[in-house]
Every structure is written in C-alpha cells, then in structure tokens.
Amino acid sequence: SADWFISWDRKVMESGEPEFGIVEQLRSAAGEERWLQTNKVPLRDLDGRIIGVLGTFEDITNRRRAEEELQRTLDELDERVQDRTTELLRANESLRREVEDRVRLQAVERQQRAYAEALRDTAAAMASTLDLDEVVGEVLVGVQRLVTSDLAAVALVGPNGIELSSHRTGYGYAVPHLERVVGDPSRLSIV
C-alpha cells in the first residue's frame, strides 16, 4: 500500500493538480478491512515550486458498508421485482387465454341459442298454420337470422320443375335476377 500512496503523491507533484476522493481499501494490523478516502493537494513554497503533498484521510468504512448493504438490498429488490413481473406476466397470459375461451364459448352459445330460437319459431309457424306461404316466409326469416346473406330464397320442385316459392332480399337485389337463377337449374346451388 505504500507504493499506492507514493504513486498518488508523485502524480499530484508532477501534475501540480490536487486529487480528491481517492478511495482505498486497507487491512489493519488486526486483519480488519477498512476503507479510506484520501485527498491530496500539492504544497508549494513561496516561489510556487511544489515541495511536497498534503494528504488528508477519512475513514469511510461505515459509509462504505452502508453503501454495500444498500446495493445488496437494491439487487435483492430488483430480483424480487423481476420475479414478480414474470409471475404477473404468466398470470396475465393465463387470464388472456381464459377470456378468449370464454368469448369463444359465449359466441358458440349465442349461435346455438339463435339456431334453437329459429327452429322454435319455424316449428311454431308450421304448427299455427297450414298456409305454405306463411311457413316458407317464417323459414326465410329464420335462415336470415342465422346466416348472414344478401339473398335467401325457397325454391320448390314440382311437376313443372323448380319454382320460386318465396324469397327475401337484402341490399336492393332485384327479383328478376333470382328468377333467372331459378329458371336455370344448373345455376342453382342448394344449401
């Protein structure tokens, strides 16, 4: 450690500039570890020549130990925050999947409910009347409730071929277009 002090003294004497806050770790004769903070200032004679170095020493062992303890605490807290963040990310991902599953199940349930309601309404219409046009009209309403479409139609096959029984259109589709499709069975796809 004497070499360390001499090298700092030489540096101050050669540069003519003071050095402040030099921190050094020492071991006492009893084997105890200590920390010193040193300040070194060049000493000048009346002509301004450097004739020596004035050094002050402060034992900062307690402060250094407190800083080290604080750093250990900060490191531990940082690790705990990282662990908790990871745990929260896993929990959020689990909740996100659960919400997606619930949304999907609710959509399936709504669709099944809509099917059941359409079937119920169609069955009620069939039970309440024997008028074919009313029954076909209810069937078309039910189909359009279940399936997004621009056009829905019921075509019946009779002795004279395919005949348009009833239809419901959306977005202003004209009936002549539908009658052309029904008139040409090769263009008709039955769903």
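Here the structure is a predicted model, which means the values were calculated and not measured. (Residues numbered from 1 in each chain as written. Predicted model: local features only at pLDDT ≥ 70, side-chain atom pairs only at ≥ 80, totals over all residues. Heavy atoms only, no water.)

(A) The overall build of the chain, seen in detail. If you tally the helices and strands in the chain, you get four helices and five strands. Listing each helix as α and each strand as β along the chain from the N terminus yields α-β-β-β-α-α-β-β-α. Counting every position in the chain, which comprises 191 residues, the buried fraction comes to 16%. For the chain, long-range pairs separated by at least 24 residues make up 33% of all intrachain contacts whose partners lie at least 6 apart in sequence. Carbon and sulfur atoms make up 54% of the accessible area of the chain, which amounts to about 14400 Å² in all. (Helix = DSSP H or I, 4+ residues; strand = E, 2+ residues; numbered from the N terminus. Buried < 20%, exposed > 50% of the residue type's maximum accessible area, 1.4 Å probe, protein only. Contact = heavy atoms within 4.5 Å. Areas by Shrake-Rupley, 256 points an atom, 1.4 Å probe, with all protein chains shown as cover.)

(B) Structural view of helix α2 (residues 61–128). Look at α2: 98 Å from first C-alpha to last across 68 residues, which is about the 100 Å you get at 1.5 Å a residue. Of the positions making up α2, those classed as buried are Thr61, Ala118, Thr122 and Ala125. Close packing links the buried residues of α2 with β2 (33–44), β3 (50–59) and α3 (132–146). (Expected span 1.5 Å × (residues − 1).)

(C) Structural detail: the pattern of salt bridges. Applying the stated criterion across every chain, the model contains 20 salt bridges. Linking Lys11 and Glu19 is a salt bridge whose minimum nitrogen-to-oxygen distance equals 3.8 Å. Residue Glu87 is joined to Arg84 by a salt bridge in which the shortest nitrogen-to-oxygen separation is 2.5 Å. Residue Glu87 and its partner Arg84 are located together in helix α2, separated by three residues, close to a single helical turn. You can call Glu87 partly exposed: its relative accessible area is 44%. The structure contains a network of salt bridges with shared partners spanning Glu32, Arg34, Asp59 and Arg65. (Salt bridge = Lys/Arg side-chain N within 4 Å of Asp/Glu carboxyl O.)

(D) A look at the pairing of β2. Two strands pair when backbone bridges link them, and strand β1 (residues 19–27) and β2 are joined in this way by seven bridges, in the antiparallel orientation. When the sheet's bridge partners are listed, Gln25 is paired in β2 with Trp35. Here β1 folds back onto β2, and the loop between the two strands holds five residues, one of which, Gly31, carries a positive phi near 90 degrees. The hairpin formed by β2 and β3 contains five residues between the paired strands, and Gly48 there has a positive phi angle of roughly 90 degrees. (Pairing = 2+ DSSP bridges.)

(E) Examining the side chain of Lys40 more closely. Mapping Lys40 onto the fold places it in strand β2. A relative accessible area of 3% means that Lys40 is categorised as buried. Here the side chain of Lys40 touches Asp9 through a polar contact of 2.7 Å, side chain to side chain. In contact with Lys40, not counting residues within four places along its chain, are Phe5, Trp8, Asp9, Val12, Pro18, Glu19, Ile22, Val53, Leu54 and Gly55. (Polar contact = N/O pair within 3.5 Å; in protein donor to acceptor, adjacent residues only side chain to side chain.)

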